[in-house]
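Summary of the model geometry
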Amino acid sequence: MKFVVLMGGPGAGKGTQAKQLEEALSLPQIATGDLFREHLRNKSELGELARTFMDKGELVPDEVTVAMVKDRLSRPDCAHGALMDGFPRTVPQAEAFERLLHEMGEQVSIAPYIHVASEVLLQRLAGRWTCKTCGHVYHVLFNPPQKEGVCDLDGGELYQRDDDTEETQKRRIEVYFKQTAPLLDYYRNKGMLAEINGEQSIDQVQNDLIEAIRNSH
Ligand code: AP5
Ligand code: MG
């Protein structure tokens, strides 16, 4: 089994890469941000709770997030592992994830860190458009769809996320450096961190990720 923890700031390309890696590695993407947004669309209680944090760019409490991930990991498509996108995001989440995997007789295989400078993160978030139906991610300048507002893959409508206002983007980057960046040392100390240059083309980042993941245990 392979459990890959994709690390990187908001806009680093975790979602973009995970969507492509799903096919290349036959592993499902587990994106906690996407799961919260799905709950929100379904108007569930969890979705409403998550919204109050997401709209401000703050993290949803650990226990809520961990319970949701535990449930997701129990589905059959995770039988060979998973690509974790945006989870764990705090040291307590990483510890809880380790315990969950331990119960399954597993551990994190690799934690690739997609490194992108803060000013580039902001440019990327500002131009992002996402498909409402399949979640594929575009950028007005760096990765535009063939037809404006329409997904190349399934013709779905493209939208801009509610938390992609300028103020919330800045806050998410701050929260990332304060609460998530300490996780880099956590995985570095365990010999699991793989640094990837995220300021290359999407395909080049993908190649570097595949190589690092294939070489992991
Ligand atoms: P989440 O949805 O995870 O948002 P995020 O971490 O802010 O990350 P993003 O999705 O914004 O960025 P990404 O790295 O996926 O970049 P993308 O591929 O889209 O979380 C949202 C919220 O949910 C959080 O704020 C929090 O409230 C809550 N939450 C989620 N998980 C949680 C957890 N574990 N605990 C607690 N709370 C949690 O790419 C960005 C843009 O760049 C796109 O337009 C793309 O086309 C472009 N791009 C990508 N790669 C390249 C490239 N190589 N070159 C040029 N452009 C590129
Ligand atoms: Mg994402």
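Predicted, not measured: the structure shown is a model, and the values here were computed from it.

Glancing now at the site of ligand 1. By nearness alone, 35 residues border ligand 1, and Thr16, Thr32, Glu58, Arg89 and Arg128 come closest of all. Within the contact set of ligand 1, an oxygen atom lies 2.9 Å away from a backbone nitrogen or oxygen of Gly15. Here an oxygen atom of ligand 1 and a backbone polar atom of Glu58 are 2.6 Å apart. In isolation ligand 1 exposes 1,000 Å². Once the protein is present, 96% of that is buried. Elements with a contribution of two residues or more to the shell around ligand 1: helix H1 (14-25), helix H2 (32-41), helix H6 (118-126) and strand E6 (137-139). If one sorts the elements of the shell around ligand 1 by residue count, H2 sits on top with four residues. Partitioning the shell around ligand 1 into residue classes produces 12 nonpolar, 14 polar and nine charged.

Here Phe87 lies in the loop between strand E3 (81-85) and helix H5 (91-103). We classify Phe87 as buried; its relative accessible area is 1%. For Phe87 and Trp129, which are 42 residues apart along the polypeptide, the C-alpha to C-alpha distance reads 22 Å. When neighbours within four sequence positions are excluded, Phe87 is seen to be in contact with Val5, Thr32, Thr65, Val66, Val69, Gln93 and Phe97.

Since the α-helix packs 3.6 residues into each turn, any two residues three or four apart lie on the same face. Over its 13 residues, helix H9 (residues 202-214) extends 18 Å from the first C-alpha to the last, a length consistent with the 18 Å expected when each residue adds 1.5 Å. Along H9, the residues that are buried comprise Val205, Gln206, Leu209, Ile210, Ala212 and Ile213. For H9, the buried positions fall inside an angular range of 165° around the axis, keeping them on one side. Opposite the buried face of H9, at more than 90 degrees from it, the exposed residues are Asp203, Glu211 and Arg214.

Parameters and conventions
Residues numbered from 1 in each chain as written. Chains lettered and ligands numbered in written order. Predicted model: local features only at pLDDT ≥ 70, side-chain atom pairs only at ≥ 80, totals over all residues. Heavy atoms only, no water. Near = heavy atom within 4 Å. Polar contact = N/O pair within 3.5 Å; in protein donor to acceptor, adjacent residues only side chain to side chain. Areas by Shrake-Rupley, 256 points an atom, 1.4 Å probe, with all protein chains shown as cover. Helix = DSSP H or I, 4+ residues; strand = E, 2+ residues; numbered from the N terminus. Nonpolar A, V, L, I, M, F, W, Y, C, P; charged D, E, K, R; others polar. Buried < 20%, exposed > 50% of the residue type's maximum accessible area, 1.4 Å probe, protein only. Contact = heavy atoms within 4.5 Å. Expected span 1.5 Å × (residues − 1). Arc of directions from axis to C-beta.

Geometric values such as these leave the question of function open.
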